[in-house]
Amino acid sequence: MTVENATPEPPADPVSRTLTRRAVLRRGGLAVAGTAAGGVAVNAATPHVLREVVAVDPNQSYWADVLPPPGPRLATDLDVDVVIIGGGLTGLSTAYYLRHQAPERRVVVLEAHRCGNGASARNGAMLLTMTPDRWLQAGDDAALDRRLLKLTTDNIATLGDLATKFEVDLELETRGAARVLRSSKDVREGRESASRLSGEGLPVTFWDAARVRDALGTSVYAGALFDSASGQLHPGRLVELLRRAAIASGAEIYEETPVIAVEEGPVHRIETGVGRHVRAPVLVVATNAYSSQLGYLRNAYVPIVATVAITSPIAADVLGQIGWNSRVPFDDDRIDEYWLGITRDGRIHIGGGPLGYDYGFNNGMPTAPVPGARAAALAAELERIHPALAPVRFERCWSGAVDCSLDFSASVGRAGRHDNVYYAIGYSGHGVNLTSVFGRVLADLATGRDELWTWLPYLNRRLPYLPNEPFRWLGVRALRAAVGMVDR
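Rules used in this analysis
Residues numbered from 1 in each chain as written. Predicted model: local features only at pLDDT ≥ 70, side-chain atom pairs only at ≥ 80, totals over all residues. Heavy atoms only, no water. Pairing = 2+ DSSP bridges. Helix = DSSP H or I, 4+ residues; strand = E, 2+ residues; numbered from the N terminus. 1 Å grid on protein atoms, 1.4 Å probe; cavity = no way out; pocket = protein on both sides within 12 Å on 5 of 7 lines; lining within 4 Å. Points joined across faces, edges and corners; volume = space filled by probe spheres on them. Nonpolar A, V, L, I, M, F, W, Y, C, P; charged D, E, K, R; others polar. Buried < 20%, exposed > 50% of the residue type's maximum accessible area, 1.4 Å probe, protein only. Axes fitted to C-alpha atoms, helices over the stretch in contact; angles between N-to-C directions. Parallel < 35°, antiparallel > 145°, perpendicular 65-115°, else oblique. Left-handed = near helix turned anticlockwise from the far one by under 90°. Contact = heavy atoms within 4.5 Å. Core = buried A, V, L, I, M, F, W, Y, C linked by side-chain atoms within 4.5 Å. Salt bridge = Lys/Arg side-chain N within 4 Å of Asp/Glu carboxyl O. pLDDT = per-residue confidence, 0-100. Arc of directions from axis to C-beta. Polar contact = N/O pair within 3.5 Å; in protein donor to acceptor, adjacent residues only side chain to side chain. Phe/Tyr/Trp six-rings, centres within 6.5 Å; stacked < 30°, edge-to-face > 60°. Lys NZ or Arg CZ within 6 Å of the ring centre and 35° of its normal.

## A closer look at the sheet that holds strand β11 (residues 268-272)
On the basis of which strands lie adjacent, the open sheet formed by four strands has the order β1-β12-β11-β10 and mixed pairing. In this open sheet, the two strands that pair with only one neighbour each are β1 (78-79) and β10 (259-263). With two bridges joining them, β1 and strand β12 (residues 277-280) adopt parallel strand pairing. When the bridges of β12 are listed, L78 appears paired with V278.

This is how it looks when you write it as structure tokens:
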């Protein structure tokens, strides 16, 4: 079952807007591959002939060092009200909100390894407002943009309140976040976007090169767009917080309990790799980039493997030479963007770039150490931005899969033959904040409160179709070449 075939076709694209060159390339490159899938028989047969391997790649990120050790495995068969597959930020927040809204319901979370093992604790740590398709972009519905801004900024405040309640130090900083601009053309467009967005009530301002130099300590950019409502945190601590909150609310979490098969029905039967099963009338698929391994959302997203590296704590005098005085995290305006941040104890982390994103054939996950060329590319970019960091070496470098939709837009909703499968997908770089927003949405949908979210353009949204193999792999390779030319 795929969500594309299960959700109703919306009357119109709810995120219609002028496409940026980023969106044009991403949509165009893989749309060509989708057209090539005019070999309909091959495209349809691939999921049955080339079955994906159900596998878990251990999280070796710096953020994962603080994750709690795995809790107990599932030791007996269960009949419950709600089963959530995936113990990441989406699954944990959904469990927390479900138990608060319906404390009479028995809610179980099944996690293949330990909570936070996936993208939830190996990302770029940027806590961004809005959604990936709308951040720092002037849309065609100012009222909707303001409503999305309030939703996502309120969620940041909620996370802060939860951290206080459960005494978890998120290392939360809300100094804002920026997108740096490389060319005079980008600067012209950036000025126009900032003027329009600020005029519509969004907290976006334009920085010229001098302001970028003062705030970020680098002279290599021509300008930037700055969102004062965004920020950053420690992703591993966020997993710890939501796990603690879910357990305190009464949710049951079973770790080291991989799901190997789902038998859908009015009551679902979930088979696990520990020889036990769970039956529940409500299923929440909160498996992000791993969803296709269970037969869900295969044509809605691509699991992109992103590479990140982090330094040891940098001496105060060296940080002073850099001049990154604002501590504001930022990304750049490339299609294969780099993104950077600085931790409370003075570590600088950087991810992405031309060698920092990859796709494995048939949604394959990384199993080998990060290739040296990727770490070297990240080091070279960091030195280019901050020459004073030339002697600094990375303490750790890691890779892991994240979900990315074709139009960099998200979808959250209900699907399945019996309308009792719930999902969220397409975070595309905004998952640190958006996961718990969608966790709340999923809890409302699962308790019959759909009317609260009919305004949300991502509700039951049909994402652009991504073809199966070999068309998907060929399309990604073609797109890589096109992106390389544009990003020069």
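## What about empty space enclosed by the protein?
Summed over the entire model, instances satisfying the criterion amount to three cavities of 30 Å³ or more. Each pocket or cavity is described by its volume, and for the largest cavity that value is around 80 Å³. In terms of lining residues, the largest cavity is bounded by W63, A125, E171, E173, Q232, L233, H234, R327, I342, T343, R344 and H349. Residues of the lining of the largest cavity, tallied by class, amount to four nonpolar, four polar and four charged.

## So, unusual backbone geometry
The residue E167 is not glycine, and still its phi comes out positive at about 55 degrees. By the secondary structure assignment, E167 is in the loop between α5 (142-166) and β5 (177-181). On the basis of relative accessibility, which here comes to 70%, the residue E167 falls in the exposed class. At E256, a residue that is not glycine, the phi angle is positive and equals roughly 50 degrees. Here E256 shows up in the loop between β9 (252-254) and β10.

## Comments concerning the sheet that holds strand β2 (residues 82-85)
Reading across the sheet, the six strands line up as β9-β3-β2-β13-β21-β20 and stay open at both edges, with mixed pairing between neighbours. Each edge of the open sheet is held by one strand with a lone partner, namely β9 and β20 (411-415). On average, adjacent strands in this sheet sit at an angle of 15 degrees to one another, irrespective of strand direction.

## A look at the pairing of strand β17 (residues 348-352)
For β17, a buried count of five out of five residues is recorded, marking the element as mostly surrounded by other parts of the structure. Sheet topology places strand β14 (residues 302-311) next to β17; three bridges connect them, and they run antiparallel. The partner of V308 across the bridge, within β17, is G351. Pairing of strand β16 (residues 338-342) with β17 involves five bridges; the strand directions are antiparallel. Bridged to G341 within β17 is H349. Between β16 and β17, which pair antiparallel one after the other, the connecting turn spans five residues, and G346 there sits at a positive phi close to 85 degrees.

## Section: the packing of helix α4 (residues 89-101) against helix α8 (residues 235-249)
Contact geometry for α4 and α8: axes closest at 8 Å, N-to-C directions at 30 degrees. It follows that α4 is roughly parallel to α8 by the angle criterion. The way α4 lies across α8 gives a crossing that is left-handed. Contacts between α4 and α8 involve L89, L92, S93, A95, Y96, R99 and H100 from the former and L238, V239, L242, R243, A245, A246 and S249 from the latter. Here the contact of α4 with α8 is built from residues that sort into nine nonpolar, three polar and two charged.

## Describing the nonpolar core
Formed by 87 residues in total, the largest nonpolar core has its most connected members in I84, L170, L238, L241, V284, F438 and L456. Once you skip the residues sitting within four places of it in the chain, L170 turns out to touch L159, A163, L233, H234, R237, L238 and L241. L74, V83, L110 and M365 belong to the second-largest nonpolar core, a separate cluster that totals 28 residues.

## Overview of the packing of α5 against helix α11 (residues 431-446)
Any two packed helices are characterised by the angle at which their axes cross and by the distance between the axes. Contact pair α5 / α11: the axes reach a minimum separation of 10 Å and the direction vectors enclose 95 degrees. Relative to α11, the element α5 lies roughly perpendicular. On α11, the residues that touch L151, T152, N155, I156 and L159 of α5 are N433, S436, V437 and R440. Among the residues forming the contact of α5 with α11, the class breakdown is four nonpolar, four polar and one charged.

## Notes on the pattern of salt bridges
Counting across every chain of the model gives 28 salt bridges. The partner of E271 in a salt bridge is R269, with the nearest N and O atoms 1.6 Å apart. For D332, the salt bridge identified is with R334, shortest N-O distance 2.9 Å. In terms of burial, D332 and R334 fall into one category: buried. Among the charged side chains, a salt-bridge network with shared partners connects D332, R334, E381 and R384.

## What about the confidence of the model for the protein?
Low-pLDDT portions of the prediction should not be read for the details of their coordinates. Across the protein, the average pLDDT comes to 88, with 86% of residues at 70 or higher. Taken as a whole, residues 1-19 scores under 50 in pLDDT and shows 49 contacts with residues more than four places along the chain or in a different chain. Low confidence marks residues 21-26, where pLDDT is under 50. Its contacts with residues over four positions away, or in another chain, come to 22 contacts.

## Some points on helix α7 (residues 209-216)
Within the sequence span of α7, burial applies to V212, A215 and L216. Projection of α7 onto a plane perpendicular to its axis shows the buried side chains occupying an angular sector of 75 degrees, all on one side. Where α7 is buried, its residues touch β5, β6 (204-208), β7 (223-227) and β15 (330-332). Taking the backbone nitrogen of A210 as reference, a side-chain oxygen 3.2 Å away marks D208 as the first, capping residue of α7. Looking one or two places after α7, you find G217, whose phi comes out positive at around 75 degrees.

## Details of the packing of aromatic side chains
In the structure shown here, the tally under the stated rule is seven aromatic pairs. Taken together, a centroid distance of 4.6 Å and an interplanar angle of 20 degrees make the contact between W207 and F226 stacked. One end of the pair, W207, is in strand β6; the other, F226, is in strand β7, with 19 residues separating them in the sequence. The residues W207 and F226 share a single accessibility class, namely buried. Grouping aromatic residues by their ring pairs yields a cluster made of Y221, W324 and F330. The lysine or arginine in question, R211, covers the ring of W207, its NZ or CZ lying 4.6 Å from the ring centre.

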